[in-house]
Amino acid sequence: MKDSVTTDSQLDLDKVIVCPQCDAVFQLVRPQHGERAKCQRCHKVLIAPRRNAGLHIIAVALSVLFLIIGAAIFPFLTIDAAGNKNAVSILDAALAFSGGPMIILSLATAALIILFPLFRVLLTLYVLVPVVLDRPPARHAIRAFRLSEAMRPWSMAEIFAIGCAVALVKVADLAHVGFGPAFWMFGILVVLVIAQDSFMCKWSVWNSLEHPKRS
Amino acid sequence: MVCMELSGTPKKIVSARDLGIVACSRCSKAWPLGTQTCARCGHALVSRDPMSLQRVWAYWVMGLICYVPANLFPMLQTRTLFQVDESTIIGGAVELAHHGNLGIAAIIIFASVVIPLGKFWAVAFLALSVKNRSMVSKNMRQFLYEVVEYIGRWSMIDIFVVAILSSLVQLKALAAINPGTAAMFFALSVIFTMLSAQAFDSRLIWDVQAKDKSAGDGGAEINE
C-alpha cells in the first residue's frame, strides 16, 4: 500500500483531511460556498461550507431558544370529554412518569425533549457569536462545541413532535383533543432544529476555532 | 461537488493508519501516529479503539436484557369507568388492529418491535463482520451502520407517546391512562442500543477490506 507520495511528501498535517468514518486520507481541497467535499471511499460529506452559514445558524438558534421557552410554558394539548377538561404543557408531559423509580424516566424525558435541545442552542450561540463577529473565540469555546456535538444524538425534540401525532390518533376517538399555542411552536421548532443541523459544517467551525483570525 | 484526492494517487485510497497518521475522532484533525491527545479539542486519540467491540457487545447485551421485560410487562394502564386495562406493546397494537386502526397498529409494531429487533441484528452483524470475512460489501455495511445510527433515536417515540398520553388523559373518574413498568425497560433498552451503536468504530469496517486486498487480488478498485 506504500506509494511514493506517502513517503516523500512527509505530509504537512494541516494540508491533509482524514475521513472520520472510514479513515481514508485525502489532500485538503477547500470547496467553494455551496459545494460539498465528499469522501471518495465511504461518501461521507467532509466539508460543506455555506455563505453566511454562521449568521444563519445564529438567527435560527435564537428563534429556537425563544420557541423552546415558549413551548415549555404555554399549554400544549387540551382534552375535552363529557365535561372533563385537561390541558397539559410539555413540562407536564415530560414529567408524566412520577412515583417510585419512574421518576428517573421523567427526568430523562425532560432532559431529552427540553434540556438537551435548550443547552445545545445556548452552547451554539456561545461558540458561534464571537466567531461570526470576527472576535477571538470565547473562553472554553472548544469545550463548549465538543459538548454540544456530543449532545446531538440525545436531543430529541423532533421525535417528541412525531410522538404527539401518534398520541393524538390514539386518543382521537376517546375524546376531543385541541391544540394549544405550544403545539404550533413545537412544530416550527422541529423544522428549525433540522435546518440548523444541516447548515452546520463541523469542519469549518473547528477550523475557525483553531485559526480565529482568518475566519 | 468536489472530490477529495490524495495527489498522485487518484485511484488508490490510503488509510490514515498506514500513513502514520491518527485522526481525532471528534474534530477529525490529523496528528502523527502516537500522539496521545488532540491539541485542538482535547479528545484522546486512538487510531483504532481496541475496546470498541467489547463496549459494543456489553451495551448490546444490556439492551437485549432490558428489551425482554419491556415486552412482557404492561406499557400502558388504561382505566375507564368500569374497567382497568393493562396492555403490553404488542397487545396494544393488536387491540388497535381489532378496532380497525390497522395503520397505527402497523406503525407501533414497526417502531417498537421491528426496528429494535432489526437494530440488535444489525449491530451484531456489523460487530461480527469486522472479525470474520463478510460477503457483504463495505459500502453496504457502512450504509447499514449509518441507518442504525440514524434510526436508533426514533425508537424513543414510544416512550414519548406514553408520556403524552398519561399526562393528557387524566379525566378524573371518566378515564385515565398511566404508564406501566415496561416504559422504563423500553427506554433503557433504547438508550443501551444507542450507546452500543455509538461505541462501534466504523473505521474497523474498512480495515478488513484493506487486509483482504493485500492478501487477495492486490489492486481491487473501490471507486464507483
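Residues numbered from 1 in each chain as written. Chains lettered and ligands numbered in written order. Predicted model: local features only at pLDDT ≥ 70, side-chain atom pairs only at ≥ 80, totals over all residues. Heavy atoms only, no water.

- Named according to an unreviewed UniProt entry, chain B is Paraquat-inducible protein A originating from Sulfitobacter mediterraneus.
- The Subcellular location (unreviewed entry) field of the UniProt record for chain B holds the comment "Cell inner membrane". (UniProt positions renumbered as here; feature names shortened; annotations may be inferred.)

- Labelled according to an unreviewed UniProt entry, chain A appears under the name Paraquat-inducible protein A, originating from Sulfitobacter mediterraneus.

1. So, the UniProt feature "transmembrane region" (unreviewed entry) in chain A
Part 1 of the argument: What UniProt calls "transmembrane region" (unreviewed entry) maps, in this numbering, to residues 53-77, 103-133 and 178-195 of chain A.
Part 2 of the argument: For residues 103-133 of chain A, helix accounts for 97% and strand for 0%, while the C-alpha atoms at its two ends are 43 Å apart. (Helix = DSSP H or I, 4+ residues; strand = E, 2+ residues; numbered from the N terminus.)

2. Regarding the sheet that holds strand β7 (residues 176-179) of chain A
All names here are of chain A.
Part 1 of the argument: Strand order across the open sheet formed by 3 strands is β6-β5-β7, with antiparallel pairing between neighbours. Each edge of the sheet is formed by a strand with only one pairing partner; in this case those strands are β6 (84-89) and β7. Strand-to-strand twist across the sheet, computed as the mean angle between neighbouring axes with direction ignored, equals 20°.
Part 2 of the argument: Note: strand β5 (residues 75-81) against β7, 4 bridges, orientation antiparallel. The partner of Ile-79 across the bridge, within β7, is Val-177.
Part 3 of the argument: Against the sheet, helix α6 (residues 157-171) touches β5 and β7, its axis set at about 5° to β5. (Pairing = 2+ DSSP bridges. Axes fitted to C-alpha atoms, helices over the stretch in contact; angles between N-to-C directions. Contact = heavy atoms within 4.5 Å.)

3. A word on the UniProt feature "transmembrane region" (unreviewed entry) in chain B
Residues and elements named next belong to chain B.
Part 1 of the argument: UniProt feature "transmembrane region" (unreviewed entry): in the numbering of this structure it lies at residues 57-76, 104-130, 151-169 and 175-195.
Part 2 of the argument: Between the C-alpha atoms that bound residues 57-76 the distance is 30 Å, and the span itself is 80% helix and 5% strand.
Part 3 of the argument: Secondary structure within residues 151-169 divides into 74% helix and 0% strand; the distance between the first and last C-alpha atoms comes to 29 Å.

4. Details of the nonpolar core
For soluble globular proteins, nonpolar side chains are generally found buried alongside one another.
Part 1 of the argument: Ranked by size, the top nonpolar core spans 127 residues in total, and within it Leu-77 and Phe-160 of chain A carry the most contacts.
Part 2 of the argument: No other element matches the 12 residues that helix α4 (residues 102-132) of chain A contributes to this core.
Part 3 of the argument: Every residue in contact with Leu-77 of chain A, bar those within four places of it in the chain, is listed here: Asn-86, Ala-87, Val-88, Leu-168, Val-177, Gly-178, Phe-179, Gly-180 and Phe-183 of chain A together with Ile-164 and Leu-168 of chain B.
Part 4 of the argument: Formed by 9 residues, the second largest nonpolar core is a distinct cluster that contains Ala-16, Ile-21, Ala-23 and Ala-30 of chain B. (Core = buried A, V, L, I, M, F, W, Y, C linked by side-chain atoms within 4.5 Å. Buried < 20%, exposed > 50% of the residue type's maximum accessible area, 1.4 Å probe, protein only.)

5. Comments concerning the interface of chain B and chain A
Part 1 of the argument: Each side of the interface is counted separately: chain B has 73 residues, and chain A has 76 residues.
Part 2 of the argument: A buried area of about 7,200 Å², summed over both sides, lies between chain B and chain A, and 70% of it is on carbon and sulfur atoms.
Part 3 of the argument: At the junction of chain B and chain A, the tally comes to 1 salt bridge.
Part 4 of the argument: Note that Arg-153 of chain B and Glu-158 of chain A form a salt bridge whose closest N and O atoms lie 3.1 Å from each other.
Part 5 of the argument: Linking chain B with chain A are 8 residue pairs in polar contact (both at pLDDT 80 or more).
Part 6 of the argument: For the side of chain B that touches chain A, the class distribution of residues is 43 nonpolar, 16 polar and 14 charged. (Buried area = accessible area lost by both parts, 1.4 Å probe. Salt bridge = Lys/Arg side-chain N within 4 Å of Asp/Glu carboxyl O. Polar contact = N/O pair within 3.5 Å; in protein donor to acceptor, adjacent residues only side chain to side chain. Nonpolar A, V, L, I, M, F, W, Y, C, P; charged D, E, K, R; others polar.)

6. Regarding the pairing of β5 of chain A
All names here are of chain A.
Part 1 of the argument: Of the strand pairs in this sheet, β5 and β6 are connected by 6 bridges, and their pairing is antiparallel. When the sheet's bridge partners are listed, Asp-80 is paired in β6 with Lys-85.
Part 2 of the argument: The turn joining β5 and β6, which pair antiparallel and follow one another in sequence, is formed by 2 residues; a positive phi near 50° is taken by Ala-82.

7. So, the confidence of the model for chain B
Residues and elements named next belong to chain B.
Part 1 of the argument: On average, residues of chain B score 80 in pLDDT, and 87% of them reach the 70 mark or higher.
Part 2 of the argument: Mean pLDDT across the secondary structure elements of chain B bottoms out at strand β1 (residues 2-3), with 52, and peaks at helix α1 (residues 52-72), with 93.
Part 3 of the argument: The low-confidence segment residues 5-10, where pLDDT is below 50, has 15 contacts with residues more than four positions distant or belonging to other chains.
Part 4 of the argument: Note that pLDDT drops below 50 for residues 213-224; the model gives that stretch 11 contacts with residues more than four away or on any other chain. (pLDDT = per-residue confidence, 0-100.)

8. Considerations on the side chain of Asp-201 of chain B
Residues and elements named next belong to chain B.
Part 1 of the argument: Positionally, Asp-201 belongs in the loop between α6 (181-199) and α7 (203-215).
Part 2 of the argument: Residue class for Asp-201 comes out buried when judged on its relative accessible area of 9%.
Part 3 of the argument: Excluding residues that lie within four positions of it along the chain, Asp-201 makes contacts with Arg-48, Asp-49 and Ser-52.

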